[in-house]
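Listed here are the chains, written in short residue letters.
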Amino acid sequence: MKKLSVLLTFLFIVFLNAQEKLTYQKPSEEILQLVDAPLAPSVRLADDGSYMVLLYRNQYKSIAELSEKEMRLAGLRINPKTNIGSRTNYYNNVKVQKKGDDQAVQVEGLPKNARLANYSWSPDQSKVAMTNTTQDGVELWIIDIASASAKKLTGPNMNVNMRDAINWFKDGQSILVKLLPENRMPLINASEAVPQGPTISSNDGKKAQNRTYQDLLKNPNDEFNFEQLARSTLYRVALDGSKKLWKKADLYSSIGFSPDGNYVMVTTIEKPFSYLVPYYRFPFTTNIYKNDGGLVTTLLEVPLIEDLPKGFMAVRTGMRNVNWRNDRPSTLYYTEALDGGDPENEVEYRDEIFELEAPFTANPKSLLKIKNRFRWINWGNDKMAIAYDYWWNNRNTKTYLFNPSYGEETPKIISDRNYQDRYSDPGRFVTKRNKNGVQVLALKGNDAYLLGDGFTESGQFPFADKINLKTQKKIRLYTSKLEGKKERLIDYNIDKDELLALIESPNEFPNFYFKSLVKKKATVQLTDFENPFKSLQNVHKEVITYNREDGLELTGTLYLPVGHDTSKKEKMPMILWAYPREYKDKNSASQNTQNPNEFTYPYWGSPIYWVTKGYVVLDDAAFPIIGEGDEQPNDTFRTQLVANAKAAIDAVDALGYIDKDRVAVGGHSYGAFMVANLLSHSDLFAAGIARSGAYNRTLTPFGFQSEERNYWEAPEVYYTMSPFMHAEKMKTPLLLIHGEADNNSGTYPMQSERYFNALKGLGATVRLVMLPKESHGYRAKESILHLLWEQDQWLEKYTKNAETAPVEESSGQKR
């Protein structure tokens, strides 16, 4: 009996050592003050610049909100009581500010305890429609902009589970709305339902290589519940609150009015459902209706898509990317693959774009063929449009100028570049609202306009260009050269000569301005948001440039601790934070796209908090993984990873700021995967923080991140890159954090749980923190405060106050 008592005591002690029962903790006061800083409103500007709508929300949800009922079905997360996405971000207040006024006006009549979402301008932008989520369901509300007043149009009976729930009729006097059907059947409680038989999946010999999607349907009960939650009835709701049935109940997915408002394209989901892919790859039907609900034609019937060819550029055959031409009243355009949808087939042109005019009965007209996969089109007029394509395997993108009225005219390729080459980016075309209230190219004769980010070897200089589309001659209208500030060019009204810009500095919060490019009028400031992070406003910040051992130039944004005297070469601990990115050429991989004048914003996942605790921070350190020619980036993933880390540490050490024995590394998602690999295969770090990562690539056998090959084609790559397979090499303290409800493809919570078990079994110093109710990114304030506390405790113990022994200088690779 005594032996049993001793054994039970021992087991109890072991259990205590293995599991800690903690309530949510809070970080130190320095970090807490930054977390509690108020969030500036989101700004929505009317296209003519006459009004701004300011949307206010809390920065975080509560754990109580995340704990509301949630059903995970077919790739969706739904609150079955309120019938809206369970992870929806809500605004709680709205203000309106007229151009020229100093202050915004509070919108009157908003609901108490407002939870507003799905913001949608009316066609003339005189009103805004929004949803409001109550305890009982979702209501439809509108705001009249001129009077700054709000009004409720429906009760809590909207169905927003499939999104796309608000679509304005062209007259602006009514809205096509998804409402709950009256005959919805009660949902099945899966935990109480008695099974009627086994769940069986089968395959008839076809290859169906799919990513590891999450939240999929699993059984007939899930199928039934999904069907009930996705089913809605379409009503035409007038601004006086009256409503008229538009279409009876069905599984409505997307809805889109033609630019002139005379036709509506409606997509409905069909059966059979799938247990392998999310809802957007279920069978679907696309119908065209008149705006009164009369059927015009059934345009498209697509079967279940489970068995696409292999590769990121694989697509289904037949009509796809169906949409309305913005420059025409009611003309559809769509794409068809010319290579059978299989990227392995070598053809001169991959895709062909067609158009189909109302009433959609004539033969479709070919507009152009493109070399790569279709991306999108900027419509201009009957003579000019801009099409874009891309090809992932070589990172190529082409831009075509074509004549929509004459499909036999050869399109002109006006840009042919590597889309990862930011220095060569010509910018994006400026658009404007046409008479139908939709966006088209902003044209003056043959002249169009471009706004570019302006990354160069010498720094970032955003620009505005005028380009003659016939001659391709460009004139530079503006180059941003603000000293000590960063400027983002948002939009340009070519008729009013108003350039909308967002200007910020490391200690000045981003604010909106109007600038004049041609008439040279005085700059007008539109917003005046203050810096809520006062404790960081004088932090030293710079972008440093350094070389990897193979000569590749890398960059990172360096922060020194609050109050640090740069003249003193004090050896401080450092946190290196990064995220690996794959490239097909060294030129693109070495480009600097960081700006030292960007506002210092410590969001929940940022390491910047720790400059208040005496740490140097190297944030967004470049971690390129390159594979040129036939070589794939992941063929040398580990070698390049360690080389990137060593170069970063050596660069900051050369500046005299850090103690190389007290460097921690952190990352989220693929960055967490990076952390685990670095700690397993190098001796560069004192500790690591890995959040929401994947560590065993055999659990994602049909590709991951930018890896296109499956496990059976490249088993050595999967094995070499998987930290789980090398858990015995882990000798560095590692903090693992994961959301219990992670829905990101590949990063199942099981990844962290199994990795922790392996590390623990092999005697590593490791801690696993599972955050209840949290997904891939964390939302609840309680979770975020605890996350920051965990990271702070880990860094203080294993980095700042690490017990280190002298080590020989090495390449960083573990021997």
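Structure first, text after, so check above.
Residues numbered from 1 in each chain as written. Predicted model: local features only at pLDDT ≥ 70, side-chain atom pairs only at ≥ 80, totals over all residues. Heavy atoms only, no water.

*Asks:* Teacher, can you tell me more about empty space enclosed by the protein here?
*Replies:* Empty space among the atoms becomes apparent when a probe as large as a water molecule is rolled across them. With the rule as written, the count across this model stands at three cavities of 30 Å³ or more. Computed from the structure, the largest cavity encloses a volume of approximately 80 Å³. Considering the residues around the largest cavity, the lining is formed by 13 residues, among which Glu68, Asn79, Ser86, Tyr90 and Arg115 are closest to the centre. Of the residues in the lining of the largest cavity, the class split is two nonpolar, six polar and five charged. (1 Å grid on protein atoms, 1.4 Å probe; cavity = no way out; pocket = protein on both sides within 12 Å on 5 of 7 lines; lining within 4 Å. Points joined across faces, edges and corners; volume = space filled by probe spheres on them. Nonpolar A, V, L, I, M, F, W, Y, C, P; charged D, E, K, R; others polar.)

*Asks:* When you look at the environment of Pro278 in this model, what are you seeing that I'm missing?
*Replies:* By the element assignment, Pro278 lies in the loop between strand E17 (263-269) and strand E18 (284-290). Residues within four places of Pro278 in sequence aside, it is in contact with Ala74, Gly75, Tyr213 and Leu216. (Helix = DSSP H or I, 4+ residues; strand = E, 2+ residues; numbered from the N terminus. Contact = heavy atoms within 4.5 Å.)

*Asks:* Hey, could you run me through the nonpolar core in this one?
*Replies:* Generally speaking, a soluble globular protein has its nonpolar side chains buried in company with each other. Of all hydrophobic cores here, the largest spans 59 residues; its most connected members are Leu576, Leu618 and Leu734. A total of nine residues in this core trace back to one element, the largest contributor, which is helix H6 (residues 637-654). Setting aside residues no more than four positions away along its own chain, Leu618 makes contact with Ile544, Tyr546, Gly556, Thr557, Leu558, Met574, Ile575, Leu576, Trp577, Ala648 and Val652. By size, the runner-up hydrophobic cluster in this structure holds 44 residues, among which are Leu32, Leu526, Val611 and Ile737. (Core = buried A, V, L, I, M, F, W, Y, C linked by side-chain atoms within 4.5 Å. Buried < 20%, exposed > 50% of the residue type's maximum accessible area, 1.4 Å probe, protein only.)

*Asks:* In this structure, what is going on with the layout of surface pockets? I would like to understand it.
*Replies:* Estimates place the volume of the largest pocket at around 1,200 Å³. Tyr280, Arg281, Ile305, Arg316 and Asn321 are, among the 41 residues lining the largest pocket, the residues nearest its centre. When residues of the lining of the largest pocket are traced back to their parent elements, those giving at least two are strand E16 (252-257), E17, E18, strand E20 (320-324) and strand E24 (373-379). Of the residues in the lining of the largest pocket, the class split is 21 nonpolar, 11 polar and nine charged. In terms of lining residues, the second largest pocket is bounded by 43 residues, among which Arg488, Glu598, Phe599, Tyr601 and Tyr603 are the most central. Every element with two or more residues in the lining of the second largest pocket is listed here: strand E1 (42-45), strand E36 (486-493), strand E37 (498-505), strand E38 (508-515), strand E41 (553-559), strand E42 (572-578), strand E44 (616-621) and strand E46 (658-668).

*Asks:* How should I be thinking about the side chain of Thr131 in this particular structure?
*Replies:* For Thr131, the position within the fold is in strand E9 (residues 127-133). Of note is the side chain of Thr131, whose polar atom sits 3.0 Å from the side chain of Asn118. Those residues within four positions of Thr131 in sequence are excluded, and the remaining contacts are Ile84, Arg115, Leu116, Ala117, Asn118, Val138, Glu139, Met158, Val160 and Ile166. (Polar contact = N/O pair within 3.5 Å; in protein donor to acceptor, adjacent residues only side chain to side chain.)

*Asks:* Explain the pairing of strand E49 (residues 766-771) here, please?
*Replies:* Side chains on a regular strand alternate between the two faces of the sheet. Most of E49 sits inside the fold, with five of its six residues counted as buried. The pairing of strand E48 (residues 734-739) with E49 spans six bridges and is classified as parallel. In the strand pairing of E49, Leu735 is matched with Arg767. In this fold, the crossover linking E48 to E49 by way of helix H9 (residues 749-761) has right-handed handedness. (Pairing = 2+ DSSP bridges. Right-handed = clockwise from strand over helix to strand, strands pointing away.)

*Asks:* Which parts of the structure should I look at to understand helix H4 (residues 220-230)?
*Replies:* For the α-helix, the turn length of 3.6 residues means that residues three or four positions removed from each other point alike. Of all the residues in H4, the buried ones are Asp222, Asn225, Phe226, Glu227, Gln228, Leu229 and Ala230. Packing partners of the buried residues in H4 comprise strand E3 (71-73), strand E4 (76-79), strand E14 (232-238), strand E15 (243-250), E16 and E17. The distance from a side-chain oxygen at the start of H4 to the backbone nitrogen of Asn221 is 3.1 Å, and the residue carrying that oxygen is Asn219.

*Asks:* What's the story with H6 in this structure? I'm lost.
*Replies:* Taking 1.5 Å per residue as the helical rise, H6 with its 18 residues ought to reach 26 Å, and the 26 Å between its terminal C-alpha atoms agrees with that figure. Within H6, 13 of the 18 residues are buried, which leaves the element mostly enclosed by the surrounding structure. With its phi angle positive at about 85°, Gly656 sits one or two positions after the end of H6. (Expected span 1.5 Å × (residues − 1).)

*Asks:* Sorry if this is basic, but what is going on with unusual backbone geometry here?
*Replies:* For residues that are not glycine, phi is negative in most cases, and the peptide bond is trans in most cases. A cis geometry characterises the amide bond from Lys271 onward to Pro272, with omega recorded as 5°. The topology assignment puts Pro272 in the loop between E17 and E18. Residue Pro359 follows Ala358 across a cis peptide bond; omega there is 10°. Along the chain, the position of Pro359 falls in the loop between strand E22 (351-357) and strand E23 (365-370). Positive phi, close to 60°, is recorded for Gln125, a residue that is not glycine. Summarising the element assignment, Gln125 is placed in the loop between strand E8 (116-121) and E9. Residue classification places Gln125 among the buried residues on the basis of a relative accessible area of 12%. Not every positive phi belongs to a glycine, and Lys773 is a case in point at roughly 70°.

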